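Below are the chains, spelled out letter by letter.
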Amino acid sequence: LRTTVSLKSSWTSNSYMQILNSKAQQFNSNMILVNAKIMKKLLQRASLVYEPSALWNASGLRNSNNRASVGTNKFFRLDQYLSFEVNALNGLNVELAGKHSMSKHINSKKVQYFFMDAKATYSITKKRVDLSLSITNLLNVTNYTVFSITPYQFSEDQYPLRGRMG
């Protein structure tokens, strides 16, 4: 097989009561998740893998008419992974991998990141030795922000990252 494609999706809907400010409140949450994967063999020695993943989430307090109130949280996240691998010579394998991550909350600006890593390995079969060189964070991203959402709270967490390493 030279090309493989897969697609997965799910939809989740929750309705529940929660105590907020000493009062029982009804919350609803809806989420759609779509994942795909495409693997392609190029010639005899190369392969390409692409994996996108998208998440839509809306949650919030419901009013007496069972409609969303003004405080509804809406969130979208798209992650994309791309990998190119080549078996250049017998025993030499080179891989370049990249990831793009984008998040958007209804009340904040879009946040996106690009990450890229490279790896080369060489196997000396007669001596049972593997040599490996990895370079991580080629684009030198040093700060990462992650959003999380619940029906009544939105949070933004920031993490410092190591710079480029080899």
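The rules behind each value
- Residues numbered from 1 in each chain as written.
- Predicted model: local features only at pLDDT ≥ 70, side-chain atom pairs only at ≥ 80, totals over all residues.
- Heavy atoms only, no water.
- Helix = DSSP H or I, 4+ residues; strand = E, 2+ residues; numbered from the N terminus.
- Buried < 20%, exposed > 50% of the residue type's maximum accessible area, 1.4 Å probe, protein only.
- Contact = heavy atoms within 4.5 Å.
- Phe/Tyr/Trp six-rings, centres within 6.5 Å; stacked < 30°, edge-to-face > 60°.
- Pairing = 2+ DSSP bridges.
- Axes fitted to C-alpha atoms, helices over the stretch in contact; angles between N-to-C directions.

Novice: Could you give me a rundown of the overall build of the chain, with the residues and numbers involved?
Specialist: Looking only at helices and strands, one finds zero helices and nine strands in the chain. In the chain, the order of α-helices and β-strands from amino to carboxyl end is β-β-β-β-β-β-β-β-β. Relative to its full complement of 166 residues, the chain shows a buried share of 22%. Taking the intrachain contacts of the chain between residues at least 6 apart in sequence as the baseline, contacts between residues at least 24 apart amount to 46%.

Novice: Any details on the packing of aromatic side chains? Residues and values, ideally.
Specialist: Across all of its chains, the model carries five aromatic pairs by this definition. Arranged with centres 6.2 Å apart and planes meeting at 20 degrees, the rings of Y113 and F115 form a pair that is stacked. Relative to Y144, the ring of Y113 has its centre 5.0 Å away and its plane inclined at 55 degrees; by these criteria the two rings are tilted. Here the residue Y113 occupies a position in strand β6 (residues 111-124), and Y144 occupies one in strand β8 (residues 143-150), the gap between them amounting to 31 residues. Judged by its relative accessible area of 12%, Y113 is buried.

Novice: Can you explain the sheet that holds strand β2 (residues 23-42)? Please cite residues and give values.
Specialist: Remark on secondary structure: sheet strands pair via backbone hydrogen bonds, oriented parallel or antiparallel. In space, the seven strands of this open sheet follow the order β1-β2-β3-β4-β5-β6-β7, with antiparallel pairing throughout. On the outer flanks of this sheet lie β1 (3-20) and β7 (129-135), each paired with one strand and no other. Taken over all neighbouring pairs, the strand axes of this sheet differ in orientation by 10 degrees on average, direction set aside. Two strands pair when backbone bridges link them, and β2 and strand β3 (residues 46-61) are joined in this way by 14 bridges, in the antiparallel orientation. If you follow F27 over to β3, its bridge partner there is L61.

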